[in-house]
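Single-letter residue listing:
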Amino acid sequence: MTSRVWKKHAMLLVFVLPALVFYAAFTLAPAFGGMWYSLTDWNGLNPSYGFVGLSNYAEAMGDRYFLKSLWFTVKFVLFMLVLQNLLAILLAVLVESLGRGKVWFRTIFFMPNMLSLIIGGFMWMFIFTRVFPYLAEKTGWMLLDQSWIGDPRYSFFAILALSLWGGVGYLMVIYIAALQGVPKPLKEAAAIDGAGAFHIFRHVTLPMIYPALTIGVFLTLNNSFKVFDSVYALTGGGPGRTTQVIAINIYEEAFSFSNRYGYASAKAMILFGIVLIITIIQLAIMKRREVRA
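First, a word on scope: everything that follows refers to the structure included in this document. Not measured: the values here are computed from a predicted model. (Residues numbered from 1 in each chain as written. Predicted model: local features only at pLDDT ≥ 70, side-chain atom pairs only at ≥ 80, totals over all residues. Heavy atoms only, no water.)

Concerning the overall build of the protein
Move 1: Each helix and strand in the protein was counted, giving 12 helices and 0 strands.
Move 2: Considering only C-alpha atoms, the protein reaches an extent of 80 × 75 × 30 Å along its principal axes.
Move 3: Across the 293 residues in the protein, those meeting the buried criterion constitute 36%.
Move 4: Taking all contacts inside the protein whose residues are at least 6 apart in sequence as the whole, residues at least 24 apart take part in 68%.
Move 5: When the accessible surface of the protein is split by element, carbon and sulfur atoms take 70% of a total near 17500 Å². (Helix = DSSP H or I, 4+ residues; strand = E, 2+ residues; numbered from the N terminus. Buried < 20%, exposed > 50% of the residue type's maximum accessible area, 1.4 Å probe, protein only. Contact = heavy atoms within 4.5 Å. Areas by Shrake-Rupley, 256 points an atom, 1.4 Å probe, with all protein chains shown as cover.)

What follows is the structure, encoded as C-alpha cells:
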C-alpha cells in the first residue's frame, strides 16, 4: 500500500472513528453483554451472579406466556407486512398522480412518523374511548361503539390501526422515490400498446420498484417484530396479556415481575435469532426476484 493510499484510509478512519466509538459503546457492547448475561442468573441488581448455561433458553421454550406473546407477535407481523406495504404503495401511487397538491399530501401522510408512538398511543386511546362512542351515538354506527382497548376481540385491530398510522408514511416516501425513478417512456410505450393502468403498474412499474419493495418488507419485518411503544402505550399488553408482544414480555421479565435480567436476555437472544433468520431468508428470496424483475 502506497503512502498516499495509506493516508487516505487513515483520514477516512479518523472521520469514522467517533461514530464507531459510540456505536461500539452503545450498540455492540450491550449486544455482546446480553449474550453473556443470557447464560447467567443475574437479576440486574446484584454484582454477583451464577453461570447457568442454556437453562434460560430451555425455560423460555416452555414458558407459555412467552410462546403466546411470540404467536401474537407473528400474527401482528403478518398483518403489518401485507397492510403496511400495500397501503404505502397505494398512497405513493395516489400522491404521485396528483398535481399541485402532492407536496402537501406527502407532508400530511408523513407527519405521524415524526411523532413518538407513545404520544400517538394516547391520541388513539382518546379516539377509541371518546371519539368513536360519540360518533356511534350521533350516527347510529354501533360498530364504532366497542371496547377497542379492553376487549381482546378488538384490541388487536386497535394496535394495528395505531401502528399503520405511524408507519405507512415512512414507507410511502420510499415508494414515492422509487416511482419517480421509473422511466416515463416505458409507461408511455405500454400505454401505446394498449395496456391499461393496472397492467402498466403490474408489468412495468412494479418490477422497476422491486428494490424499494425489498427495503419496505425488510423494514416492516424488523420494526414489527420489535414493536413495543405502540402496544405499551395503547393496551400495555392487556387485557390479561392477550395483546402482549415479545418486547413487552421481555421488558416485564427484566424490570416488572421478578427482575430476571439473565432470563430476559435469553428471550431477547431468541428474538434476535428469529429476526435474523427470517431477514436473511427474506433478503435472499427478494434479491433473487429483483434480478428476475
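Points about the pattern of salt bridges
Move 1: Counted under the stated rule, the structure contains 6 salt bridges.
Move 2: Close ionic contact of Asp151 with Arg153 constitutes a salt bridge, the shortest N to O distance being 2.9 Å.
Move 3: For Asp151, a relative accessible area of 16% corresponds to the buried category.
Move 4: The exposed category is assigned to Arg153, whose relative accessible area is 58%.
Move 5: The structure contains a network of salt bridges with shared partners spanning Asp63, Glu253 and Lys267. (Salt bridge = Lys/Arg side-chain N within 4 Å of Asp/Glu carboxyl O.)

Looking at the environment of Ile215
Move 1: Along the chain, the position of Ile215 falls in helix H9 (residues 210-225).
Move 2: With relative accessibility at 44%, the residue Ile215 sits in the partly exposed group.
Move 3: Once the C-alpha coordinates of Ile215 and Leu171 are considered, the two residues, 44 residues apart in sequence, prove to be 8.9 Å apart.

Things to note about the packing of helix H3 (residues 64-96) against H9
Move 1: One way to put it is that H3 packs onto H9 with a least axis distance of 9 Å and a crossing angle of 145 degrees. The handedness of the crossing between H3 and H9 comes out as right-handed. Listed contacts from H9 to Thr73, Val74, Phe76, Val77, Met80, Leu81, Gln84, Asn85 and Ile89 of H3 are Leu213, Gly216, Val217, Thr220, Leu221, Ser224 and Phe225.
Move 2: Grouping the amino acids of the contact of H3 with H9 by side-chain chemistry returns 10 nonpolar, 6 polar and no charged. (Axes fitted to C-alpha atoms, helices over the stretch in contact; angles between N-to-C directions. Left-handed = near helix turned anticlockwise from the far one by under 90°. Nonpolar A, V, L, I, M, F, W, Y, C, P; charged D, E, K, R; others polar.)

Concerning helix H11 (residues 246-256)
Move 1: In terms of residue burial, H11 counts as a mostly covered element, since 8 of its 11 residues are buried.
Move 2: All of the buried residues along H11 are Ile246, Ala247, Ile248, Asn249, Ile250, Glu252, Glu253 and Ala254.

Some words on the nonpolar core
Move 1: If you look at the biggest cluster of nonpolar residues, it comprises 57 residues, and the most contacted ones within it are Phe76, Phe128, Tyr175, Leu213 and Leu234.
Move 2: Of all the secondary structure elements, the ones that give two or more residues to this core are H3, helix H5 (117-139), helix H6 (152-180), H9, helix H10 (229-234), H11 and helix H12 (261-292).
Move 3: Beyond its immediate sequence surroundings of up to four residues, Phe128 is in contact with Pro133, Trp148, Ile149, Ala158, Ala161 and Leu234. (Core = buried A, V, L, I, M, F, W, Y, C linked by side-chain atoms within 4.5 Å.)

Some remarks on the packing of aromatic side chains
Move 1: Tallied over the entire structure, the rule returns 21 aromatic pairs.
Move 2: Centre to centre, the rings of Phe228 and Tyr232 are 5.2 Å apart; their planes meet at 15 degrees, and the pair counts as stacked.
Move 3: Over the face of the ring belonging to Tyr263 we find Arg260, whose NZ or CZ atom lies 4.3 Å from the ring centre. (Phe/Tyr/Trp six-rings, centres within 6.5 Å; stacked < 30°, edge-to-face > 60°. Lys NZ or Arg CZ within 6 Å of the ring centre and 35° of its normal.)

Digging into the environment of Val21
Move 1: Inspection of the secondary structure puts Val21 in helix H1 (residues 3-37).
Move 2: For the pair Val21 and Glu252, spaced 231 residues apart in sequence, the C-alpha separation works out to 31 Å.

Quick word on unusual backbone geometry
With the exception of glycine, most residues fall at negative phi, and the peptide bonds are largely trans.
Move 1: Here the amide bond leading from Gly238 into Pro239 is cis, since omega sits at 0 degrees, within 30 degrees of zero.
Move 2: Here Pro239 is to be found in the loop between H10 and H11.
Move 3: A positive phi angle is found at Arg241, which is not glycine, with a value near 70 degrees.
Move 4: Relative to the helices and strands, Arg241 is located in the loop between H10 and H11.
Move 5: Given a relative accessible area of 24%, Arg241 falls into the partly exposed group.

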